[in-house]
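Residue strings, one per chain:
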Amino acid sequence: EAKATGKNRYVFYTAEEEGSAFKRLDLEKNMRNAIVNACNEFEVYYQPIVDVSKPDHPCMGAEALIRWNCESLGFISPTEFIPLAEYLGLINPIGDHVLLQSCRRCKHWNDSGHPEYKVNVNLSVVQLLRNDMAERVKNVLQRTGLNPGNLTLEVTESLAINDMTRMKRILGQIKELGVWVALDDFGTGYSSLNHIREMPIDVIKIDRCFIEDLGNDEFSDAFVRIVCELASVIGMKVCVEGMEHERQYEILKKMQIHMIQGFYFDKPMKVEDFEKKYL
Ligand code: C2E
Ligand code: MG
Ligand code: MG
Ligand code: MG
């Protein structure tokens, strides 16, 4: 049975999937509730990012990663609820909340002896395509007092080509503020390599799937090497995500990588734990 969900859009349900449709409805109800309740059930975790361009590989800040501990459904992963929030048009209030919290936190780190710490915040494509996104970012920076250069916004390349012009325009406005832009999950999206040259970005984040088999798979090794080379030609930095093992670290240390993030150093942590260890 096909059901219309909007203009020209149909979703097909099978008997088996009915259960998940109910679950989705339940998630939706709870998500709306969480937003109405000042987003209190959402918690921002921080995963350290290490600067491997410096000799002692110090922490240079963290990526903000949202967690949802729903009162009635329990813990729900962002990979599950972020896409639904985007679909339901609820990502903006959630994203605004994460941006404000993260900028406040980073300002606190900067004022507590770490003026160099940066915070990375993920932006959904939906947020990015808001015409006033740059203005919103500017307001959050003013409100929190965070130095624009200490904020990095992470965007993914999973965009239709016809949105590229608009995306580039808004990213350009964001960069004019002095905020950094990172291209997240690089290598898994739809865009061609040529796009990275045209996009106003500062950092390429190589997706975890290329790091997993590093040292055991020629393609992965070559991919990381080639991206580093391309990045240096166009003046971008490279961040690697998902590094879990010493073996990968040894290989990456020999490449032109600027930043590394991964369970090898730390998992995403509660803010108190991050600050206990790194502040
Ligand atoms: P992402 O932006 O690519 O974030 C990195 C993900 O990789 C995080 O998953 C992190 O916990 C995980 N990770 C980091 N190091 C390792 C590692 O060494 N091994 C493994 N196995 N995983 C590692 P997480 O926190 O579950 O977030 C998943 C995705 O959800 C994020 O991927 C991002 O796309 C999205 N997300 C999270 N928070 C937000 C948010 O505030 N806003 C938006 N729009 N999306 C968010
Ligand atoms: Mg990210
Ligand atoms: Mg992301
Ligand atoms: Mg990623």
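Please read these numbers as outputs of a predicted model, since none were measured by experiment.

Trainee: Describe the coordination of the magnesium ion (ligand 2), naming the residues involved and giving the relevant values.
Mentor: Every protein donor of the magnesium ion (ligand 2) is accounted for by Glu63 (OE), Asn122 (OD1), Glu154 (OE) and Asp184 (OD), and the metal-donor separations fall at 2.0 to 2.3 Å. Donor residues for the magnesium ion (ligand 2), ordered by position in the chain, follow E-x58-N-x31-E-x29-D.

Trainee: Describe the site of ligand 1, listing the residues and the values that go with them.
Mentor: Near ligand 1, the surroundings consist of 22 residues, among which Arg67, Asn122, Asp184, Glu244 and Phe263 are the closest. Asp184 has a polar side-chain atom sitting 2.8 Å from an oxygen atom of ligand 1. Contact distances for ligand 1 include 2.8 Å between an oxygen atom and a backbone N or O atom of Phe263. Counting only elements with at least two residues in the shell around ligand 1, the list comes to strand E4 (59–70), helix H2 (78–88) and strand E8 (180–186).

Trainee: Quick one: what's the story with the pairing of E8, residue by residue and with numbers?
Mentor: On any regular strand, side chains alternate: one points to one face of the sheet, the next to the other face. With 5 of 7 residues buried, E8 lies mostly within the body of the structure. For strand E7 (residues 151–156) and E8, the ladder comprises 5 bridges, and the chain directions are parallel. Within the sheet, the bridge partner assigned to Leu153 lies in E8 and is Val181. In this sheet, strand E9 (residues 203–206) lies alongside E8 in parallel orientation, the contact comprising 3 bridges.

Trainee: Describe the coordination of the magnesium ion (ligand 3), and please don't skip the residues or the numbers.
Mentor: Taken together, the protein donors to the magnesium ion (ligand 3) comprise Asn122 (OD1) and Asp184 (OD), at separations of 2.2 to 2.6 Å. Between the magnesium ion (ligand 3) and the magnesium ion (ligand 2), a separation of 3.2 Å is found, and both are coordinated by Asn122. Here the residue Asn122 occupies a position in strand E6 (residues 118–122), and Asp184 occupies one in strand E8, the gap between them amounting to 62 residues.

Trainee: Which residues make up the pattern of salt bridges, and what are the values?
Mentor: In total, this model carries 18 salt bridges according to the counting rule given. For Lys270, the salt bridge identified is with Glu43, shortest N-O distance 3.1 Å. You can see Lys270 sitting in the loop between strand E11 (259–261) and helix H11 (271–278) and its partner Glu43 sitting in strand E3 (residues 42–51), a full 227 residues away along the chain. Judged by relative accessible area, which is 29%, Glu43 ranks as partly exposed. Ionic pairing is found between Asp132 and Arg136, a salt bridge with its closest N-O pair at 3.2 Å. For Asp132, a relative accessible area of 33% gives the class partly exposed. Through salt bridges with shared partners, a single network forms among Glu63, Glu154, Lys205 and Glu241.

Trainee: I'd like to hear about the nonpolar core, residue by residue, with values.
Mentor: One finds Leu151, Val224 and Ile257 to be the most contacted residues of the largest nonpolar core, which totals 81 residues. Looking at which element gives the most residues to this core, the answer is helix H3 (residues 91–111), with 8 residues. Once residues lying within four places of it in the same chain are set aside, the contact partners of Val224 are Ile206, Phe210, Ile211, Leu214, Leu252, Met255 and Ile257.

Trainee: Break down H2 for me, citing the residues and quoting the values.
Mentor: Buried within H2 are the following residues: Phe81, Leu84 and Ala85. Looking down the long axis of H2, one finds its buried residues gathered within 105 degrees of arc, a one-sided arrangement. Once H2 finishes, Gly89 follows within two positions and takes phi at roughly 75 degrees, a positive value.

Trainee: Which residues make up the pairing of E7, and what are the values?
Mentor: Within E7, 5 of the 6 residues are buried, which leaves it mostly tucked inside the rest of the structure. Both E6 and E7 contribute to a ladder of 4 bridges, which runs parallel. Across the sheet, Asn122 pairs through a bridge with Glu154, a residue of E7.

Criteria and cut-off values
Residues numbered from 1 in each chain as written. Chains lettered and ligands numbered in written order. Predicted model: local features only at pLDDT ≥ 70, side-chain atom pairs only at ≥ 80, totals over all residues. Heavy atoms only, no water. Donors = N, O, S within 2.8 Å, 3.2 Å for Na, K, Ca; no water. Near = heavy atom within 4 Å. Polar contact = N/O pair within 3.5 Å; in protein donor to acceptor, adjacent residues only side chain to side chain. Helix = DSSP H or I, 4+ residues; strand = E, 2+ residues; numbered from the N terminus. Buried < 20%, exposed > 50% of the residue type's maximum accessible area, 1.4 Å probe, protein only. Pairing = 2+ DSSP bridges. Salt bridge = Lys/Arg side-chain N within 4 Å of Asp/Glu carboxyl O. Core = buried A, V, L, I, M, F, W, Y, C linked by side-chain atoms within 4.5 Å. Contact = heavy atoms within 4.5 Å. Arc of directions from axis to C-beta.

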